[in-house]
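# Structure at a glance
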Amino acid sequence: MSKSDDRSLGNIKSKPSTTVASNKDLPSISPKQGETGSIASPPKPSSNNTSVQLKSEEADLPQFEKGIIDSLVSKYGDSVKVIYVKPLRIKIEVPSKDIVEIARHIRDESGFDHAESVSATDYPKTGDIEVIYHLGSYTRDDLSSHILSLSTRTDRNNARLPSLIGIFKSVEYHERESFEMVGVYFDNHPRNDRFLLPEDWADIPPLRKEFRIKGR
Amino acid sequence: MSDQEERISETTRLGLEIVKEAEEDRLMTLSVGPQHPGSGHFRFTVKVDGDYIVDCDPDPGYVHRGEEKMCEYRNFIQNIPHLERPVIHDSSNITYSYSLAVEELVKIDVPRRAQFIRAIASELNRQIYTLYWLAIYGIFLGHSTMFMWPTGDRELIIDLMEALTGARVTHAYNIPGGVRNDIPYGFKDRCLRQVSYFEKRLKEYEDIFYNNPLLRQRTEGVAILTKEDAIKLGVTGSVLRASGIPYDIRKAEPYDIYDEIDFNVQYMKTCDSFARAYVPLLDMRESCHIIRQLLDKMPESGEVRAKLQPNPKGPPGEAYRRVESGRGALGYYIVSDGTPKPYRVKISVGSFRNLLALPHLLVGSKLGDMPSVYWSLNYWPVEADR
């Protein structure tokens, strides 16, 4: 009944293990490392900053991953900000108005076919919320170990983003969870309502930073 | 929303068990759960038209513990024990990817022997979880022998884990930098003996349960999840592999020493409820094979734990690491702001991802198939709720 997976055995085994990914590090995401809690500042690699960083470490960049983002950057230009490129991990930031179009391009051209997770993170210091889609691929063997993090930002006082449910059906429950936990409203999502929290929950979204656990 | 629908959702909200509608007298709404009538602490409502399910609305959250928020209040090491709570039966795997992510953030190199021990613990735990799942799957398909046998055999592996970690179920064994303590004297022989016995038992499971004509009739050809739908819904683990996609994180993105281990990804192409129930058995068999190799290749001596600072912290940054757990890919997305406490932790679990397949599969199938379809999804409500 079972069959061995001869097909994918060879090429995947030859890939470098990711355990040592941290050793040769690439540009850190946060430019302001000195301050306390500095992660609250949005990663501002302000396109030319990124390109300088990228150029200086061009030799170290994993070539395959670089190929993936190059096609995106060449098509969408400045609207795609490359936050980091590590072995097997890529993160890009796009403006919320372009995210649906870029996600469609990622699905159709780059080969990422499903979302593994959607995380929303609250940054009160800069007044915005970052939403990250971790995209993976089942269909392409050469991408099966890669995660493309597609991130976007929105104002935390009026957190609204277009939903990616039309592109990736797999984001449905994740976006619903982000809505109730961090309070991001997803336009075009069929149900922005309670999911994990109690139905009579009457407080602010619990993963916002101003929500404190009682007694701590 | 029409008046009718509003009334239905209102009654559903109030938790009324059965609603009969005036106009559409044919449709009946049933509330399944959350008092564990075969669903775990999880509730979903189904609308049935005669024998067929026409609508399904999952309502998880009855065992939500706020793990992600709790993580923000504790440092990287303090987080380990409470992160096991979502799946106590698979506690070595749920802390595994957490450890990997923290190691990437704090930049810790794990000693080679520790990598082997961790992998052994994680494989044994996969079996403990899968046996537990198999027991429940068996009893809800009316096969009480299949409840007794795995529960009894699971006890033997739990004893083994107790010898290894000191705790029966919640081990807190995987920590950033390695494992908590070294393996006890004589563990290798004991483990090999157990694995050999267990392999024999798997054959018996197959004979008595999987080859049972009643089970086959209830599951074969039921609730087909096609390959395309599996990809679209982003399911993972045994559900994905039962739909003909040989995807396993241990192979796709080998962590620790899994790239040195020779094993095959087990998958089936029939895409039905039977395949989803059978792939975990194949996984357990492959897991025995992996454990043998791990025991064989493990260095005889060496460090099992990297030295850490009292309050480990790394530069600001983020990491997303995943492992293959008993229910599929288990990923941690951790954002660090340079302090010893994580700024944000997101746990991406297999159960939550597979939940999307539940309405997809139930709509159109018979009410009588509900237990077999639900349990074939390898769904663990506590993990999905986090």
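Here the structure is shown first, and the text comes after it.
Here's what I pulled together on the structure shown here. (Residues numbered from 1 in each chain as written. Chains lettered and ligands numbered in written order. Predicted model: local features only at pLDDT ≥ 70, side-chain atom pairs only at ≥ 80, totals over all residues.)

## Overview of the sheet that holds strand S7 (residues 317-325) of chain B
Residues and elements named next belong to chain B. For clarity, the cut-off: The pairing criterion for strands is at least two bridges between them, as found by DSSP. Strands here mean DSSP runs of E at least two residues long; helices mean DSSP runs of H or I at least four residues long; both are numbered from the N terminus. Each axis is a line fitted through C-alpha atoms, and for a helix only the stretch in contact is used; angles between axes span 0 to 180 degrees, taken between their N-to-C directions. Contact between two residues is assigned when their C-beta atoms, built from the backbone, lie within 7 Å.
Strands sit in the order S7-S8-S9 across an open sheet of three strands; the sheet is antiparallel. The open sheet has two free edges, formed respectively by S7 and strand S9 (342-348), since each of these has just one partner strand. On average, each strand axis in the sheet is inclined to that of its neighbour by 15 degrees, with strand direction left out of account. Pairing between strand S8 (residues 328-336) and S9: six bridges, direction antiparallel. Counterpart to Val335 in the pairing with S9 is Arg344. Each of S7 and S8 is contacted by helix H4 (residues 91-106), which is oriented at about 150 degrees to S7, the strand it contacts most.

## Brief notes about the sheet that holds strand S3 (residues 114-123) of chain A
Residues and elements named next belong to chain A. What the five strands build is an open sheet, ordered S1-S2-S5-S4-S3; its pairing is mixed. Only two strands of the sheet have a single partner each, and these edge strands are strand S1 (81-86) and S3. Going across the sheet, the axis of each strand differs from the next one's by a mean of 15 degrees, ignoring polarity. Pairing of strand S2 (residues 89-93) with strand S5 (residues 147-155) involves five bridges; the strand directions are parallel. By the bridge assignment for S5, Lys91 is matched with Ser149. This element, helix H5 (residues 172-182), spans S3 and strand S4 (128-136) of the sheet and lies at about 10 degrees to S3.

## Concerning the packing of helix H3 (residues 63-76) of chain A against helix H4 (residues 99-110) of chain A
Residue and element names in this part refer to chain A. Convention followed: Each angle receives one of four descriptions, namely roughly parallel if under 35 degrees, roughly antiparallel if over 145, roughly perpendicular if within 65 to 115, and oblique otherwise. In a left-handed crossing the near helix is turned counterclockwise from the far helix by less than a right angle, and in a right-handed crossing that turn is clockwise. Residue polarity follows a fixed list, in which Ala, Val, Leu, Ile, Met, Phe, Trp, Tyr, Cys and Pro are nonpolar, Asp, Glu, Lys and Arg are charged, and the others, Gly among them, are polar.
Closest axis-to-axis distance for the H3/H4 pair is 11 Å, and the angle between their directions is 135 degrees. The orientation of H3 relative to H4 falls into the category oblique. Along this stretch, H3 crosses H4, giving a crossing that reads as right-handed. Touching Ile68, Ser71, Lys75 and Tyr76 of H3 are Ile102, His105, Glu109 and Ser110, all from H4. Class assignment for the residues of the contact of H3 with H4 results in three nonpolar, three polar and two charged.

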